Amino acid sequence: MHRRTFIRTVSAGLGAVALPGSLWQEAAVARVVRGASPYGPLGSPDGNGVALPSGFTSRVVARSGRPVGGTLWHPAPDGGACFADGTGWIYVSNSEVPLVGGASAIRFRADGSVARAYRVLEGTNINCAGGRTPWDTWLSCEEIFRGRVYETDPYGVRVAQPRPAMGRFKHEAAACDPDRRVVYLTEDESDGCFYRFIPTIWGDLSSGRLEVLCGGDPVVWRPVPDPTPAVLQRQTRHQVSEARHFDGGEGCHYANGVCYFTAKGDRKVWAYDAVRGRLGSVYDGGGTLDGVDNITGAPTGDLYVAEDGGNMEINIITPDGVVAPVVRVDGHERSEITGPAFSPDGTRLYFSSQRGADGGSAGLDGVTYEITGPFRH
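What this report covers is the structure whose coordinates are included nearby. Bear in mind that the values here come from a model prediction, so they are computed numbers and not experimental data.

### Structural notes on the sheet that holds strand 13 (residues 149–152)
Thinking step 1. Judged by pairing direction, the sheet is antiparallel, and its four strands sit side by side in the order 11-12-13-14 without closing on themselves. Looking at strand neighbours, the two that pair on one side only are strand 11 (127–132) and strand 14 (161–162), the edges of this open sheet.
Thinking step 2. Summarising the sheet, strand 11 and strand 12 (residues 138–142) pair through four bridges and their orientation is antiparallel. Residue pairing across strands places G131 opposite L139, the latter belonging to strand 12.

### Quick look at the pairing of strand 23 (residues 278–283)
Thinking step 1. Extensive coverage of strand 23 is indicated by the burial of five of its six residues.
Thinking step 2. Looking at chain direction, strand 22 (residues 268–273) and strand 23 are connected through five bridges and run antiparallel. Within strand 23, the position partnered with A271 by the bridge is G280.
Thinking step 3. In sequence, strand 22 turns back onto strand 23 through a hairpin of four residues, with G277 there showing a positive phi of about 70 degrees.

### Looking at a nonpolar patch on the surface
Thinking step 1. Taken together, the side chains of F145, V231 and L232 present a nonpolar region at the surface, about 370 Å² in accessible area.
Thinking step 2. By the secondary structure assignment, L232 is in the loop between strand 19 (220–223) and strand 20 (249–255).
Thinking step 3. The exposure class assigned to L232 is exposed, which follows from its relative accessible area of 86%.

### Concerning the environment of R244
Thinking step 1. If you trace the backbone, R244 turns up in the loop between strand 19 and strand 20.
Thinking step 2. Owing to a relative accessible area of 22%, R244 belongs among the partly exposed residues under this scheme.
Thinking step 3. Separated by 98 residues in the primary sequence, R244 and F342 have C-alpha atoms spaced 32 Å apart.

### Some details on the pattern of salt bridges
Think of it this way: side chains of opposite charge can pair up when their charged atoms draw near.
Thinking step 1. Applying the stated rule across the entire model yields 23 salt bridges.
Thinking step 2. Across the pair R132 and D136 runs a salt bridge, and its minimum N-O distance is 2.4 Å.
Thinking step 3. Shared partners join several salt bridges into a network, and the residues in it are E187, E189, D191 and R237.

### Comments concerning unusual backbone geometry
Thinking step 1. With a phi close to 45 degrees, A76 is a non-glycine residue in the positive phi region.
Thinking step 2. Taking the relative accessible area as the measure of exposure, A76 reaches 1% and is therefore buried.
Thinking step 3. Although it is not a glycine, M312 adopts a positive phi angle of roughly 60 degrees.
Thinking step 4. When you line up the elements, M312 lands in the loop between strand 25 (303–307) and strand 26 (313–317).

### So, the sheet that holds strand 7 (residues 77–85)
Thinking step 1. Judged by pairing direction, the sheet is antiparallel, and its four strands sit side by side in the order 7-8-9-10 without closing on themselves. Lying at the two open borders of the sheet, with one neighbouring strand each, are strand 7 and strand 10 (114–121). The mean angle between the axes of side-by-side strands here comes to 20 degrees, regardless of whether they run parallel or antiparallel.
Thinking step 2. Bridging between strand 9 (residues 103–108) and strand 10 involves six bridges; their strand directions are antiparallel. Each bridged residue has a counterpart across the sheet, and for S104 the counterpart in strand 10 is R119.

Calculation rules
- Residues numbered from 1 in each chain as written.
- Predicted model: local features only at pLDDT ≥ 70, side-chain atom pairs only at ≥ 80, totals over all residues.
- Heavy atoms only, no water.
- Pairing = 2+ DSSP bridges.
- Helix = DSSP H or I, 4+ residues; strand = E, 2+ residues; numbered from the N terminus.
- Buried < 20%, exposed > 50% of the residue type's maximum accessible area, 1.4 Å probe, protein only.
- Patch = residues over 30% accessible without salt bridge, like charges linked within 9 Å, V, L, I, M, F, W, Y side chains within 5 Å.
- Areas by Shrake-Rupley, 256 points an atom, 1.4 Å probe, with all protein chains shown as cover.
- Salt bridge = Lys/Arg side-chain N within 4 Å of Asp/Glu carboxyl O.
- Axes fitted to C-alpha atoms, helices over the stretch in contact; angles between N-to-C directions.

Listed below in structure tokens is the structure:
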């Protein structure tokens, strides 16, 4: 199928947006750009069923319900992140299942071999995405009614802590903005909101103020009157009348003054320019991406967006406006790609097929992969 790439710097009714140090510099009009991946076209699927550009290789590092590094890998692997660990690194992954949810971690040695694996969060509920913090903790988000954010230790030393001040709602992802000392949060509802949490003390998420993005150009942030409403009380997304709503908030990534977040129902990759207080979109659903979901980035300014459904690809969005697939998993039509994250040196990309080839809703056939190759970093 012939693919076209559509990159836009505007969102409906909001006009042009400038994204400092990232995808667009003072762009004035919407653009349509076609181009090939900087890594070249995808080849035939390898022995793991993964199609990659020339020079890249895949391996399976974990499968749900099977032992890895001394523990059983969790079902339905979802959002993830990498953390430096001496000469090695750690990959943390959520489990999007009810009641036992939580998160697990795999510790890798410097040569990429698995040293051990372990649980870092237990007994939570449908842990979907999240985000890493500048102080090397993992924010694991519950995607349930009145869900919580849990701050976890990827090194497995400290006990995970709930952070109710960050709001009780159907959480999806989080991204830290160290420049403004806030944490951005997405909400997976058909009329979900985009929030920011301002800690009382940066580095301590136990207290602070939750605000919601409201429409306008520039946007306005309003305090959420009651971040932890009871079951029958008005929920956070309905407490501020001016709040802007997004259809199915998903992944979230901050870089160079811009917070990128996806909304699956909107079929957009949104971009909040925190420097200028403006909101636009860098992808409007017309190109190679279907079911925009988890998102991560590289220091080059490249964004990597995973598909929930579609044809099971991770697509790159480059600073010069190219959208193209860089990974495809074949034979997993009823699954979704989750948890993309780069190793600290930028040479390895981790992600999961949440439900695997079986596609069962329990995620018992989930597969976690590692891609190695000449990534731009």
